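Spelled out, the chains give:
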Amino acid sequence: MKYIGPHVHTAGGVHAAPANASSVGATGFGIFTKNQRQWNSRPLETNVIDAFKKNMELYGYEPKAVLVHDSYLINIGNPDNDKRSRSIDALIDEAKRCEALGLALLNIHPGSGVNAIDASGCVAIIAESLNAVLDKTNGVTIVLEATAGQGSGVGGRFEELAGIIDIVEDKARVGVCIDTCHIFAAGYDIREAEGYSSVMAEFDRIVGFKYIRGLHLNDAKSALGSRLDRHESIGKGHIGIGAFKLLMEDARFDGIPCVLETPNEEGWGEEVEMLKKMAIGR
Ligand code: FE
Ligand code: FE
Ligand code: ZN
């Protein structure tokens, strides 16, 4: 089975997420556990943690159906030591919040060399940062999101994701998330069955499907290879409905959160329903 649902709002607290996901018929969902645009957030209170766990049960969500997204400020690939160490500390905090909530999948943007170092140098820095984070946490898997390859950000090529995993010591706690909009913008054409097959074969050869831990389902406002990260509702962008059907019918994406990050919230219910239908029997 596939766990399908949007990245939901948590206004009022993370414990509101299961009800929000349930209201659009989701079988899984994505969340932030803190304000994604701030460095500091108050620790999760015990009553919030308890309410979250209670609501997960109440609305019938298993922890493995949830993919947490980290703060946008974190960059564990920053070559500046002070800035990187702030990011490492923030990521450790994110992982501990997941632990407290009983969640195990934490999606991050791999990182950026901020135009100061090349991709291969940044790959090594990211991997060493991950080793430090994994060393200080328990049970949480860091999920590296494939990116659109914008600027000096790492993750627009499958080789870069594989290069990070290569240096990570605890390989059981590192994974990858394919974001359809991102890989399309990075130049991977998944629109037709033939292209889809060869892109996924390439992913399997370079990264390996054993590392797949999440899927971000977004159509793209931006063009193939544009390196622009602009999400669109499913079927309304340059990727089109066909790719999403192929994904939903693909057993290699079973058992992981498939999270919509699409712009039109009013359409989430319909998108979830459509994707669930495509995934029937899976
Ligand atoms: Fe993301
Ligand atoms: Fe994403
Ligand atoms: Zn994106």
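Up top you'll find the structure we're talking about.
Residues numbered from 1 in each chain as written. Chains lettered and ligands numbered in written order. Predicted model: local features only at pLDDT ≥ 70, side-chain atom pairs only at ≥ 80, totals over all residues. Heavy atoms only, no water.

Peer 1: Mind showing me how you'd approach the state of the cysteines here?
Peer 2: A complete count under the given rule lists zero disulfides for this structure. Looking at the unpaired Cys181, the closest cysteine sulfur is the one in Cys177, lying at 12 Å. Residue classification places Cys181 among the buried residues on the basis of a relative accessible area of 0%. Cys258 takes part in no disulfide bond, and the closest cysteine sulfur, belonging to Cys177, lies 9.2 Å away. (Disulfide = S-S within 2.5 Å. Buried < 20%, exposed > 50% of the residue type's maximum accessible area, 1.4 Å probe, protein only.)

Peer 1: What should I look at first to understand the environment of Ser23 in this one?
Peer 2: By the element assignment, Ser23 lies in the loop between helix 1 (17-22) and strand 2 (29-31). Note on Ser23: relative accessible area 59%, which makes it exposed. For the pair formed by Ser23 and Ala251, sequence separation is 228 residues and the distance between their alpha carbons is 26 Å. From its side chain, Ser23 meets the backbone oxygen of Asn20 in a polar contact 2.7 Å long. (Helix = DSSP H or I, 4+ residues; strand = E, 2+ residues; numbered from the N terminus. Polar contact = N/O pair within 3.5 Å; in protein donor to acceptor, adjacent residues only side chain to side chain.)

Peer 1: Teacher, can you tell me more about the sheet that holds strand 8 (residues 174-179) here?
Peer 2: Paired through backbone hydrogen bonds, the strands of a sheet run either parallel or antiparallel to each other. Read across the open sheet, the eight strands follow the order 1-12-9-8-6-4-3-2; overall the sheet is parallel. Of all strands in the sheet, those bounded by a partner on one side alone are strand 1 (3-6) and strand 2. Sheet twist, expressed as the mean angle between neighbouring strand axes with direction ignored, is 30°. Note: strand 1 against strand 12 (residues 257-260), four bridges, orientation parallel. The residue bridging Ile4 from the neighbouring strand is Cys258, located in strand 12. (Pairing = 2+ DSSP bridges. Axes fitted to C-alpha atoms, helices over the stretch in contact; angles between N-to-C directions.)

Peer 1: Quick question: what am I supposed to make of the packing of aromatic side chains here?
Peer 2: Overall, the coordinates contain six aromatic pairs when judged by the stated rule. Taking the centre distance of 5.6 Å and the plane angle of 80° together, the rings of Phe32 and Tyr72 count as edge-to-face. In this pair, Phe32 sits in the loop between strand 2 and helix 2 (46-58) while Tyr72 sits in the loop between strand 3 (66-69) and helix 3 (81-101), placing the two residues 40 residues apart along the sequence. Overall, the relative accessible area of 40% leaves Tyr72 in the partly exposed class. Judged by centre distance (5.4 Å) and plane angle (85°), the ring pair of Phe209 and Phe253 falls under edge-to-face. Within this pair, whereas Phe209 is found in the loop between helix 7 (193-206) and strand 9 (212-217), its partner Phe253 is found in the loop between helix 8 (241-248) and strand 12, the two being separated by 44 residues in sequence. As far as the burial class goes, Phe209 and Phe253 line up, both buried. Grouping aromatic residues by their ring pairs yields a cluster made of Phe158, Tyr188, Phe203, Phe209 and Phe253. (Phe/Tyr/Trp six-rings, centres within 6.5 Å; stacked < 30°, edge-to-face > 60°.)

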